[in-house]
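# What the coordinates show
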Amino acid sequence: IHSDEAMKMTEELWNIGLPVGVSSGAIVDAAVKVCARPESAGKFCVAIIPSFGERYFTHPMFNEIKQKAEGLTKQPLPEPFDNREFGFETARG
C-alpha cells in the first residue's frame, strides 16, 4: 500500500469515528482491496487495527483530519434491532 493510499484511508477512518494512525490506515486499505478481489466474494474478512490513535490527537500531521472530523454533524442512531426475530428471547437479546 502506498503511503498516500494509507493516509487517505486513515482520514476516512477518522471521519467515521476511528482515530487511527497511518499504519492502521494501510492495514484497512489492504483489507478492502483483498475483499474486492473476485476470489474473496462471499468470504468473511477481518482487519486488525493494532492500536488506537489517541497519541495522534495532538500530532501536527493529523491537525487537518482532526479539524474535519470535529466539524462533522452528529447523526442520530437508528432504532435498535428487535433481536427476537433472530431467535433471542428478548428484544435486546
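Residues numbered from 1 in each chain as written. Predicted model: local features only at pLDDT ≥ 70, side-chain atom pairs only at ≥ 80, totals over all residues. Heavy atoms only, no water.

Next up on the list: the side chain of Thr10. Mapping Thr10 onto the fold places it in helix H1 (residues 3–15). Polar side-chain contacts of Thr10 include one of 3.5 Å to the backbone oxygen of Gly21. Ignoring sequence-local partners within four residues, the contact set of Thr10 consists of Val20, Gly21, Val22, Gly25 and Phe62. (Helix = DSSP H or I, 4+ residues; strand = E, 2+ residues; numbered from the N terminus. Polar contact = N/O pair within 3.5 Å; in protein donor to acceptor, adjacent residues only side chain to side chain. Contact = heavy atoms within 4.5 Å.)

With that settled, consider the pattern of salt bridges. In this structure the tally under the stated criterion is five salt bridges. Here Glu5 ties to Lys33 by a salt bridge, and the two come within 2.6 Å at their closest N and O atoms. Placement of Glu5 in helix H1 and of Lys33 in helix H2 (residues 22–35) is noted, with a sequence separation of 28 residues between them. Judged by relative accessible area, Lys33 falls into the partly exposed class, the value being 36%. One salt bridge in this structure joins Glu64 and Lys68, with 3.6 Å as the shortest N-O distance. With Glu64 and Lys68 both in helix H3 (residues 63–70), this residue pair falls four residues apart, about one helical turn. Here the salt bridges do not stand alone but share partners, grouping Glu5, Asp29 and Lys33 into one network. (Salt bridge = Lys/Arg side-chain N within 4 Å of Asp/Glu carboxyl O. Buried < 20%, exposed > 50% of the residue type's maximum accessible area, 1.4 Å probe, protein only.)

Let us look at the packing of aromatic side chains. With the rule as written, the count across this model stands at one aromatic pair. Here Phe81 and Phe86 contribute two aromatic rings whose centre-to-centre distance is 6.4 Å and whose plane-to-plane angle is 80°, an arrangement assigned as edge-to-face. Both residues of the pair, Phe81 and Phe86, count as exposed. (Phe/Tyr/Trp six-rings, centres within 6.5 Å; stacked < 30°, edge-to-face > 60°.)

Now for a nonpolar patch on the surface. Together, Ile16, Leu18 and Ile49 line one region of the surface with nonpolar side chains, adding up to about 250 Å² of accessible area. Residue position: Leu18 is located in the loop between H1 and H2. The exposure class assigned to Leu18 is partly exposed, which follows from its relative accessible area of 34%. (Patch = residues over 30% accessible without salt bridge, like charges linked within 9 Å, V, L, I, M, F, W, Y side chains within 5 Å. Areas by Shrake-Rupley, 256 points an atom, 1.4 Å probe, with all protein chains shown as cover.)

Overall, the predicted model of the protein reaches an average pLDDT of 86, with 99% of residues at or above 70. Here H3 stands out as the least confident element of the protein, with mean pLDDT 79; H2 is the most confident, with 94. (pLDDT = per-residue confidence, 0-100.)

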